[in-house]
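What the coordinates show
Each chain is listed here by its residues.
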Amino acid sequence: MGRFLQGLFWLAVIAAALFWIVTSPQLFAAVYGRIYKFGGQADLDNGKTIFWVGGCASCHATPNQEDRTRLGGGAPLPSPFGKFYPPNISPHPRDGIGAWSVEDFARAMTQGVSPDGRHYYPAFPYASYERMAENDLRDLFAFIRTLPAVEGRTRDHDLPFPYNVRRTLGLWKWLYLAQDAVAVAAPSAGPERGKYLVEGPGHCAECHSPRNFLGGIVAGMRFTGGPDPEGKGTIPNITQHENGIRDYSAQDIATILSTGLKPDGDSVGGGMGLAVRSLSQAPKADVEAMANYVKSLPPAAGSR
Amino acid sequence: MARKILAVAMLCLCGATVALAQSALDQRKALMRTQGQATGPVGRMLSGAEPFDMAKAQTALDAYLNTTRQFRDLFPPGSDQGQTRALPAIFENRDAFNAAVAKFEADATAAKAAIKDEATFKSEMPKVLANCNSCHTTYRRPQQ
């Protein structure tokens, strides 16, 4: 009995050590080896575009006030894993990201790691932002630094065990981050721009795809919608299937993105209402490019 | 005999409350539907799919003002039951809801004065339409 327990103890120690190594943010970064050079001058106009397409304000704007550039965080984000409280990302040096370098920002956005080496929860959609080009990261960071510094840290997330064990996200990242090579500059026009904006900063698939019990997007069902992770209702299929938006033209989609109005005159609500508040501030050409890409999504039935 | 009269009176009162709630539901849905029909052309004119037509813009604004004039009174107690997408937030924080309707009214009134041609339509109408999104985000249950 003693030998058995002893064996079990050492097994547990080895398992814990392995877990610690595998979930290491440093190991992940070393294996994928992304290096950013961040040359050149930041382009604040591009930074502003990416800010609105990326929808940063939708989660990080201080609630119960009208200024979408006050990024004090704290608006609760319910999910099947518990309630998240997006942090302060204003350029406040103590309570926000004012003391960060552009490399810190890039690591947060594309690998989901904080400057002190902790994993972020993928409710922060770095699984989409990992596709962003170097220049867009540089410009977005520079733009955020021009916004008002908001005082006050937000509260911790409200997550039950085991979801509150941040380290486990190291496993999630091996499964669900692709870390493909990214360009220095994003495509500036054409279908490539639409695809880049939707799959990267737009992070549309993060809401419009069904997720499995681990919180990863179900393979092969991207953009087919599913139950709203915030708990209220269903998020639509936005592919060209009859269960989706086959009957919407690219023009209709662009109108929805920039005004929230559907062809029947109804207005979108819920989470999409928040998305439209940001997208309505993005340049028309970019919104049209995104609409064209969404219109090109091959039909997929989804689970309905 | 007195008890019978009382019973009948109570039933009538209950019935009246239910009927009132039902009628409020029907009225507010009808207002929203009319508004939606008027908004279809607005969306198309904004995106350039349809040529600008001042009459259609004014029809939409009139529909919005018709709605806002009546809307705050169409959410009596009990009307959160039944076939409605109205969220509890309306009933739990009535002041905020009324303020939202008042803002919509103010924006539509300002737009009615300001919109004189296509250029002012394109610059002023989106401010009115932002109210659609913000109310539907907080006060309307998403599609099931």
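Side note on the confidence of the model for chain B
Chain-level pLDDT for chain B is 88 on average; 99% of the residues reach the 70-or-more range. Interface confidence for the predicted complex, given as ipTM, is 0.75, next to a pTM of 0.87.

Examining the pattern of salt bridges
If you walk through the whole model with that rule in mind, you get 19 salt bridges over all chains. Residue Arg94(A) pairs with Asp95(A) through a salt bridge whose shortest N-O separation is 2.9 Å. Its relative accessible area of 53% is what places Arg94(A) among the exposed residues. Overall, the relative accessible area of 8% leaves Asp95(A) in the buried class. For the salt bridge of Lys122(B) with Glu118(B), the shortest nitrogen-to-oxygen distance reads 3.5 Å. One end of the pair is Lys122(B) and the other is Glu118(B), both in helix H5 (residues 118–139) and four residues apart, which spans about a single turn. Taking the relative accessible area as the measure of exposure, Glu118(B) reaches 37% and is therefore partly exposed. What emerges from the salt-bridge pattern is a single network uniting Arg94(A), Asp95(A) and Arg153(A).

Quick look at the nonpolar core
Phe51(A), Phe105(A), Met132(A), Leu140(A) and Met290(A) are the most contacted members of the largest nonpolar core, which has 59 residues in total. For Met290(A), the residues in contact, after removing those within four places along its chain, are Val53(A), Gly194(A), Leu197(A), Val198(A), Gly202(A), Cys204(A), Leu257(A) and Leu279(A). Judged by nonpolar contacts, the second largest core, of 20 residues, contains Ala57(B), Leu61(B), Phe121(B) and Leu129(B).

Things to note about a nonpolar patch on the surface
Residue and element names in this part refer to chain A. The grouping of Met1, Phe4, Leu5, Leu8 and Leu11 at the surface amounts to a nonpolar patch, some 590 Å² of accessible area in total. Looking at where Leu11 falls in the secondary structure, it is placed in helix H1 (residues 2–22). For Leu11, a relative accessible area of 58% puts it in the exposed group.

A short note on the interface of chain A and chain B
Facing the 21 residues of chain A at the interface are 17 residues of chain B. Roughly 1,600 Å² of surface becomes buried between chain A and chain B when both sides are summed, with 52% attributable to carbon and sulfur atoms. Area buried by chain A at its contact with chain B is led by Lys232(A), Leu261(A) and Ser267(A), which between them contribute 26% of it. Seen at the junction of chain A and chain B, the total is one salt bridge. Taking the shortest distance from any N to any O, the salt bridge between Arg140(B) and Asp266(A) comes out at 3.0 Å. At the surface where chain A touches chain B, the tally comes to four residue pairs in polar contact (both at pLDDT 80 or more). Breaking the side of chain A that touches chain B down by element, the ones donating at least two residues are helix H11 (250–259) and helix H12 (270–279) of chain A. The greatest single-element share of the side of chain A that touches chain B, amounting to four residues, is contributed by H12(A). Grouping the amino acids of the side of chain A that touches chain B by side-chain chemistry returns five nonpolar, eleven polar and five charged.

Concerning the packing of aromatic side chains
Residues and elements named next belong to chain A. Enumeration over the complete set of coordinates arrives at 22 aromatic pairs over all chains. Summarising the aromatic geometry, the rings of Tyr36 and Phe38 are spaced 5.2 Å apart at their centres and angled 20 degrees between planes, so their arrangement reads as stacked. Both residues of the pair, Tyr36 and Phe38, count as buried. Here Phe51 and Trp52 contribute two aromatic rings whose centre-to-centre distance is 4.9 Å and whose plane-to-plane angle is 70 degrees, an arrangement assigned as edge-to-face. Linked through ring pairs, Tyr120, Phe124, Tyr126, Tyr129, Trp172 and Tyr176 together constitute an aromatic cluster.

Regarding H12(A)
Among all positions of H12(A), only Gly270(A), Gly273(A), Val276(A), Ser278(A) and Leu279(A) are buried. Turning to H12(A), the residues buried within the fold contact helix H3 (44–54), helix H4 (56–60), H11 and helix H13 (284–295) of chain A together with H5 of chain B.

Quick look at the environment of Ser134(B)
Structurally, Ser134(B) is set in helix H5. With 34 residues separating them in the primary sequence, Ser134(B) and Ala100(B) have C-alpha atoms 8.6 Å apart.

Thoughts on the state of the cysteines
Enumeration according to the criterion identifies zero disulfides over all chains in this entry. You can see Cys204(A) has no disulfide; the closest cysteine sulfur is in Cys207(A), sitting 9.1 Å from it.

What counts, and where the lines are drawn
- Residues numbered from 1 in each chain as written.
- Chains lettered and ligands numbered in written order.
- Predicted model: local features only at pLDDT ≥ 70, side-chain atom pairs only at ≥ 80, totals over all residues.
- Heavy atoms only, no water.
- pLDDT = per-residue confidence, 0-100.
- Salt bridge = Lys/Arg side-chain N within 4 Å of Asp/Glu carboxyl O.
- Buried < 20%, exposed > 50% of the residue type's maximum accessible area, 1.4 Å probe, protein only.
- Helix = DSSP H or I, 4+ residues; strand = E, 2+ residues; numbered from the N terminus.
- Core = buried A, V, L, I, M, F, W, Y, C linked by side-chain atoms within 4.5 Å.
- Contact = heavy atoms within 4.5 Å.
- Patch = residues over 30% accessible without salt bridge, like charges linked within 9 Å, V, L, I, M, F, W, Y side chains within 5 Å.
- Areas by Shrake-Rupley, 256 points an atom, 1.4 Å probe, with all protein chains shown as cover.
- Buried area = accessible area lost by both parts, 1.4 Å probe.
- Polar contact = N/O pair within 3.5 Å; in protein donor to acceptor, adjacent residues only side chain to side chain.
- Nonpolar A, V, L, I, M, F, W, Y, C, P; charged D, E, K, R; others polar.
- Phe/Tyr/Trp six-rings, centres within 6.5 Å; stacked < 30°, edge-to-face > 60°.
- Disulfide = S-S within 2.5 Å.

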